[in-house]
Structures are given as C-alpha cells and as structure tokens.
Amino acid sequence: MPAASLSPERALARIDLGAIERNCARLPGELCAVVKADGYGHGAVAEAALAGGASWLAVATADEARALRDAGIDARLLVMGALTRADLRMAVHADADVVAWTDEVAEAAPRVHVKFDTGMGRLGTTDRARALRLAAHSNVVGLMTHFSTADEPGDEHFAAQLAEFISFVERVGRPELTVHAANSAAALRDPASHFDMVRCGIAIYGMDPFHEDPAAHELEPALSLHSYVAAVRRFEAGESAGYGRTWRAERPTWVATIPIGYGDGWRRGLSNNADVLIRGRRHPLVGAISMDNITVALGDATDVEVGDEVTLIGRQGREQILAEEVARRLGTINYEITCGLSARVRREHFR
Ligand SMILES: Cc1ncc(COP(=O)(O)O)c(C=O)c1O
C-alpha cells in the first residue's frame, strides 16, 4: 500500500479556498459572505470569498470586524449582532456598517441597517412604526430582516415573513437603500427573497443549508478533518477500549488509536456513533471518545499501519464523510460541527 498521502499530523483541518471561491460564485445576486465565528470554523476565508465575487462581508461582533481590518481587508463590512457602547465604538472605528433597531444605535453610527423582525423572534424590532421611524434617518443605508425557517422547504412562516418584509420595504419607499433578507437557504430556495443582496454563510463553506447533501446544490465542502493512526493493537474477544468500557470486542479484532478527541471538538456524543476513513475504507469508532484520543475498530484490516492518514470529515477514494452526516449522528446541524472544531486543530489553507 502507498504511504499516507499527508505527512501525519495530530489534528488538521484542511480548507480548500478554491472551493470557497467557487461556492461564492455559484450563489445568486450580490453576495455578502458571512464569515463570523472564524469563518464558521474555517479560519481566514475572507479573501477567498471576495475573490469568489462577494462584495460585502458580514460578522457578528465588532471584534470580528476589527480583526478583518487588521488583516488588511478593505471590503464593506456589516456587523450583524447586538452591540454594547464599547462594541459600537469599535465597529465604527473599523469603518463597518452596523445593524440597528434602537434610536441609540441608529443615531451613533455613520452607516446603519435597520432590522425589522418579521418573525425570527430574536434581534430587531417587531414594532413596525418604530422600524419606519428609524428607516427615515439620513444615516440609514440598508433595511434587513432574517428568516427563521428558510431551511424548511414548504414552511408557511417563511412566506409570511417575506410578505411582511416586502410590505415594510414598500412602505419605507427609499429605493436607494440596500435591502437584504436571504440567508443561504432562502437564497437557494426563493429568488423573491434576494432583493439587493443575499447574506450567505453555510453555503459558501460548501455545506448544505437544508442539512442533506451539498452536491444537490452544486456546493463543494471546503473543510476536511484529518488525524493519523498512532497505534494499532489486536484485541481478544471481551477486551474493552476506552473509559467506561462502553465497547468490548465480540471476537478478535484490530483496533487503531487516533490522537484526536473532544478537546479538538470531536464531540463525545460520537462515542460508538461515527465512522472514520482509513485507506479509503469506513471504520467504526468504538468506545468512548476521550479528550485526546478515539479508538476505531479495524476488523481484520491488518494492512493499516501506524502513520496512516485518518479522515474524519472529507473524502478518501470513493468514500466521503460529510459534516452533515456527523451532525445527524449528534442530533445537531452542520454549522455546529465546523464551528465546534477547537483552536487546537491547526487550519491549513490551500487552493
Ligand atoms: C442575520 C444573519 N444573516 C445571515 C446569516 C447567514 O446564515 P446561513 O449561514 O444560514 O447562510 C446569519 C447566520 O446565522 C445571520 O445571523
């Protein structure tokens, strides 16, 4: 067998910036790429998003806007989250646009996007009269809302939110404002939600906003997660692996130890509940996940050697493990899988 294709590294996330560029180019309309939370765990991806055609970048916090400026990014920035006074000063200093639903913020920033809450029930104002009053300020440059069920095709709440927002935008009657509403799911699902700009996060990373298969929307997963085989041992029937002895060999079998664990974000809920790829084959994770190690049953696969590459998310040959699969096993969403990879996982960007 050939040697491992990558030199062994304990916990490595490889991020394909070309995939991010192509995913951005694939999205409709003017694109605001959402790169908050360290690019959904993908690290420094802003330049790739801009190269893919994004004209705006959105973040959640003022600190994230400042970090983009420190990295030399000069694109339009939108800080979407709630802001303390100190945050607001920092956002303005970073020359970012901010989102407002109170007079205090609307009056304090040079460029403001008024957020009308049409049914997300989180940030923004549900008070139409107040939103209309705020929208009349001369420093307002945008109008926005956010959908709560765009990822549930056929859901009526989405249509109701969209109708409410359209009626608000018409009532404001300022065609010079940048109007935006769509997240990735809405952008892929309904052209009526596109307005002047779409705010896409999950899709630019090549994950499926509908939690199934990104390929169905011609999106390419940008992130893969790798480790290596640190030890291979033969277990006799009845021998156990890991804390709590939650798995015991039913018959003689080979077991590999992989030095990645919940300290890297490979969550403990995946104990006895995930596969990894080694030498192009799927092998089940067995036993409890530790902070720094997992154990994998190899069966009779005696060709596996110390140093072999292990893929936890990504492709080896014909086999692929998507973040969506990992999310399903954990009862969560793909967003949380990549955001949850800890700082201990090195990010390697390539094109
Ligand atoms: C206000 C707002 N707009 C857009 C997005 C992007 O959403 P998605 O990653 O589903 O495209 C987010 C992300 O949570 C958001 O909070």
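See above for the structure.
Since the model is a prediction, treat every value here as computed from it, not as a measurement. (Residues numbered from 1 in each chain as written. Predicted model: local features only at pLDDT ≥ 70, side-chain atom pairs only at ≥ 80, totals over all residues. Heavy atoms only, no water.)

Moving on, we get to the site of the ligand. Surrounding the ligand, one finds 13 residues, the nearest of these being Lys-36, Tyr-40, Ser-184, Ile-202 and Tyr-335. Within the contact set of the ligand, an oxygen atom lies 3.5 Å away from a side-chain nitrogen or oxygen of Arg-122. In the model, an oxygen atom of the ligand is placed 2.5 Å from a nitrogen or oxygen of the Ser-184 side chain. Out of a free accessible area of 400 Å², the ligand has 91% covered by protein chains. Those elements that place two or more of their residues in the shell around the ligand are helix 2 (36-40) and strand 9 (198-200). Broken down by class, the residue content of the shell around the ligand amounts to six nonpolar, four polar and three charged. (Near = heavy atom within 4 Å. Polar contact = N/O pair within 3.5 Å; in protein donor to acceptor, adjacent residues only side chain to side chain. Areas by Shrake-Rupley, 256 points an atom, 1.4 Å probe, with all protein chains shown as cover. Helix = DSSP H or I, 4+ residues; strand = E, 2+ residues; numbered from the N terminus. Nonpolar A, V, L, I, M, F, W, Y, C, P; charged D, E, K, R; others polar.)

So, about the pairing of strand 14 (residues 253-258). Of the pairings in the sheet, the one linking strand 11 (residues 231-235) to strand 14 comprises five bridges and is antiparallel in character. Bridge pairing links Arg-234 to Trp-254 in strand 14. Bridge count between strand 14 and strand 17 (residues 294-299): five bridges; the pairing is antiparallel. Across the sheet, the residue bridging to Ile-258 is Ile-294, located in strand 17. (Pairing = 2+ DSSP bridges.)

This part is about the pairing of strand 17. Of all six residues in strand 17, six are buried, a share of seventy percent or more. In strand 17, alternate side chains face the same way, and those of Ile-294, Val-296 and Leu-298 on one face and Thr-295, Ala-297 and Gly-299 on the other are all buried. Judged from the two bridges that link them, strand 16 (residues 281-286) and strand 17 form a sheet pairing that is antiparallel. For Leu-285, the partnering residue across the bridge sits in strand 17 and is Val-296. (Buried < 20%, exposed > 50% of the residue type's maximum accessible area, 1.4 Å probe, protein only.)

Residue placement: Asp-308 occurs in the loop between strand 17 and strand 18 (309-316). Exposure remark for Asp-308: the relative accessible area of 5% places this residue in the buried category.

Secondary-structure assignment places Leu-225 in strand 10 (residues 223-228). Remark: the alpha-carbon pair of Leu-225 and Gly-340, spanning 115 residues in sequence, is separated by 12 Å. Look past the residues within four positions of Leu-225 in its chain and what remains in contact with it is Leu-12, Ala-13, Ile-260, Trp-266, Val-310, Thr-311, Leu-312, Ile-313, Leu-341 and Val-345. (Contact = heavy atoms within 4.5 Å.)

Our next topic: the packing of aromatic side chains. This structure, assessed with the given rule, holds seven aromatic pairs. Joined through ring pairs, the aromatic side chains of Phe-116, Phe-165, Phe-168 and Phe-195 make up one cluster. Between Arg-14 and the ring centre of Phe-350, over which it is positioned, the NZ or CZ distance is 4.4 Å. Residue placement shows Arg-189 over the ring face of Phe-158; its charged tip is 4.0 Å from the ring centre. (Phe/Tyr/Trp six-rings, centres within 6.5 Å; stacked < 30°, edge-to-face > 60°. Lys NZ or Arg CZ within 6 Å of the ring centre and 35° of its normal.)

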